[in-house]
Amino acid sequence: MTEPQQHSHEEYLSLVSAKAIDGKSLGAQVRQAVRARIERCGKPVRLDAVLVGTDAAAQVYAQNQARTCKEVGIDYHLHPLPAGSEYATVADHITSMNADGVVRAIMLHLPLPAGVDTERVQALIAPEKDVEGVNPVNIGNIVYGRRSLVPCTALAVLELIEHTGIVLRGARCVIVGASNIVGKPIAVLLMREEATVVSANKYTKGLRDLTREADVVIAAAGVPGLVKPEWIKPDAVVIDVGINRVKGADGVTKTVGDVEPSVAEIAGWLSPVPGGVGPMTVAMLLRNVADAALA
Ligand code: NAD
């Protein structure tokens, strides 16, 4: 496999100035709006996060989250549970948070210890407090188009697409990747907009022919550089959800997306990695917290 090209966020934007969807700045605008809303309402808003064990990446994520929450006026309460906690311990903790009236927004850091069924635990989170949109009730409500808390990455993708001004009704959209928490909710949100949606996965035949016809391509497969320029129709909107850590020729590990950066020469719009879907996803979580807390 050829190694994806590397650019810093700033280099990237300068290379594709007319086409980049700047998730960093759009995310900052959303965070500012959340902060203004929290200030206006004058009520305390908090996020309660459960972290089981000592996974290093989850701990870094939790620290970053605490800082981001503070910036917008959200009190971040971390609930650490011991490594090796069993299902019953995690379940009891979630149940007590559900019953606590002060707790209005709950998120669960992953991974959970081996042997603890993640989906079973996620299904316990009270739907009205489930700010990651992982409870099947919230997922189901998306299908019905009812007001609910929607998975943050899917919301972020829709926000970025809307920023381009494309009319989604009748647009042909291909989503490369069909996971429960990313690809499938994106597909449903696009269907709600009356787009024509193709959900592709690793078994899809003729994927390149499908994407070449698409007005919008969303890459969410977790395969570095999967989507190539020749897969893309001129002027299409391309959203790169992938976050892949790959070692460059210089031996340094970097973050790259699922889309070859040279797609920017063909596409009308492209969300970069890093600096696209990632920061917007963080902003959507904060917006969900405000929605849950101030409902
Ligand atoms: P997943 O492994 O659960 O699902 C991957 C999906 O892609 C599956 O449906 C699989 O069939 C499909 N797929 C794999 N290889 C393919 C191929 N060659 N062609 C077509 N389809 C293929 O992954 P996930 O949790 O949905 O995450 C996908 C990517 O998005 C990862 O890189 C992940 O790190 C990233 N991600 C980003 C954010 C964000 O906020 N930016 C959030 C969540 C996940």
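This is a predicted model, so every value here is computed, not measured.

S.K.: Help me understand the pairing of strand β5 (residues 196–200), please; the structure alone is not making it clear to me.
M.R.: A regular strand places its side chains on the two faces of the sheet in alternate fashion. Bridging between strand β4 (residues 172–176) and β5 involves five bridges; their strand directions are parallel. Bridge pairing in β5 links Val-176 to Ala-200. Assessed by its sense of winding, the connection that carries the chain from β4 through helix α8 (residues 183–192) to β5 is right-handed.

S.K.: Any chance you could explain the layout of surface pockets here in plain terms?
M.R.: Space left empty within the atom packing is revealed by a probe, the size of a water molecule, rolled over the atoms. Approximately 1,600 Å³ is the volume found for the largest pocket. Tyr-61, Glu-132, Cys-152, Thr-153 and Thr-281 are, among the 48 residues lining the largest pocket, the residues nearest its centre. Those elements that place two or more of their residues in the lining of the largest pocket are α2 (23–41), α3 (56–72), β3 (106–108), α5 (118–122), α6 (136–144), α7 (152–163), α8 and α10 (277–293). No other element matches the seven residues that α10 contributes to the lining of the largest pocket. One number sums up the size of the second largest pocket: a volume of about 530 Å³. Looking at the second largest pocket, it is lined by 22 residues, and the ones nearest its centre are Arg-147, Ser-148, Leu-149, Val-150 and Asp-291. By residue class, the composition of the lining of the second largest pocket is eight nonpolar, three polar and 11 charged.

S.K.: Honestly, the environment of Gln-122 in this entry has me stumped. Any pointers?
M.R.: Relative to the assigned elements, Gln-122 resides in helix α5. Separated by 15 residues in sequence, Gln-122 and Met-107 have C-alpha atoms that sit 8.9 Å apart. Each residue touching Gln-122, except ones within four places of it in the same chain, is listed here: Leu-108, Leu-110, Val-134 and Asn-135.

S.K.: Got a minute to help me understand the side chain of Ser-271 in this structure?
M.R.: Examined against the element boundaries, Ser-271 turns out to sit in the loop between β10 (269–270) and α10. From its side chain, Ser-271 meets the backbone nitrogen of Asp-240 in a polar contact 2.9 Å long. Those residues within four positions of Ser-271 in sequence are excluded, and the remaining contacts are Ile-21, Leu-160, Val-238, Ile-239, Asp-240, Gly-276 and Val-277.

S.K.: Looking at this model, I keep getting lost on α7. Mind explaining?
M.R.: Along an α-helix, residues three or four positions apart point the same way, because every turn accommodates 3.6 residues. In a regular helix each residue adds 1.5 Å, so 12 residues correspond to 16 Å; α7 covers 16 Å between its end C-alpha atoms and thus fits that length. Counting buried positions along α7 yields nine of 12 residues, so the element is predominantly enclosed. Every buried residue belonging to α7 is among Cys-152, Thr-153, Ala-154, Leu-155, Ala-156, Val-157, Leu-158, Leu-160 and Ile-161, and all of these are buried. Contacts from the buried residues of α7 go to α2, α8, β6 (216–219), β7 (237–240) and α10. Within two residues after α7, Gly-165 carries a phi angle of roughly 85°, on the positive side.

S.K.: Is there a simple way to think about the sheet that holds β10 in this case?
M.R.: Two modes of strand pairing occur in sheets, parallel and antiparallel, and in both the strands are linked by backbone hydrogen bonds. The five strands lie next to each other as β5-β4-β6-β7-β10, forming an open sheet whose pairing is parallel. Each having just a single partner strand, β5 and β10 make up the two edges of the open sheet. In the sheet, β4 pairs with β6 via four bridges, with the strands oriented parallel. Bridging across to β6, Ile-175 finds its partner in Ile-218.

S.K.: Quick question: what am I supposed to make of unusual backbone geometry here?
M.R.: Across the chain, the bulk of peptide bonds are trans and the bulk of non-glycine residues have phi less than zero. The peptide bond linking Leu-110 to Pro-111 adopts the cis configuration, its omega dihedral lying at 5°. Turning to its location among the elements, Pro-111 is positioned in the loop between β3 and α5. Of note, the bond from Val-273 into Pro-274 is cis; its omega dihedral lies within 30 degrees of zero at 0°. When you line up the elements, Pro-274 lands in the loop between β10 and α10. For Asp-235, which is not a glycine, the phi torsion comes out positive at approximately 75°.

Rules used throughout
- Residues numbered from 1 in each chain as written.
- Predicted model: local features only at pLDDT ≥ 70, side-chain atom pairs only at ≥ 80, totals over all residues.
- Heavy atoms only, no water.
- Pairing = 2+ DSSP bridges.
- Helix = DSSP H or I, 4+ residues; strand = E, 2+ residues; numbered from the N terminus.
- Right-handed = clockwise from strand over helix to strand, strands pointing away.
- 1 Å grid on protein atoms, 1.4 Å probe; cavity = no way out; pocket = protein on both sides within 12 Å on 5 of 7 lines; lining within 4 Å.
- Points joined across faces, edges and corners; volume = space filled by probe spheres on them.
- Nonpolar A, V, L, I, M, F, W, Y, C, P; charged D, E, K, R; others polar.
- Contact = heavy atoms within 4.5 Å.
- Polar contact = N/O pair within 3.5 Å; in protein donor to acceptor, adjacent residues only side chain to side chain.
- Expected span 1.5 Å × (residues − 1).
- Buried < 20%, exposed > 50% of the residue type's maximum accessible area, 1.4 Å probe, protein only.

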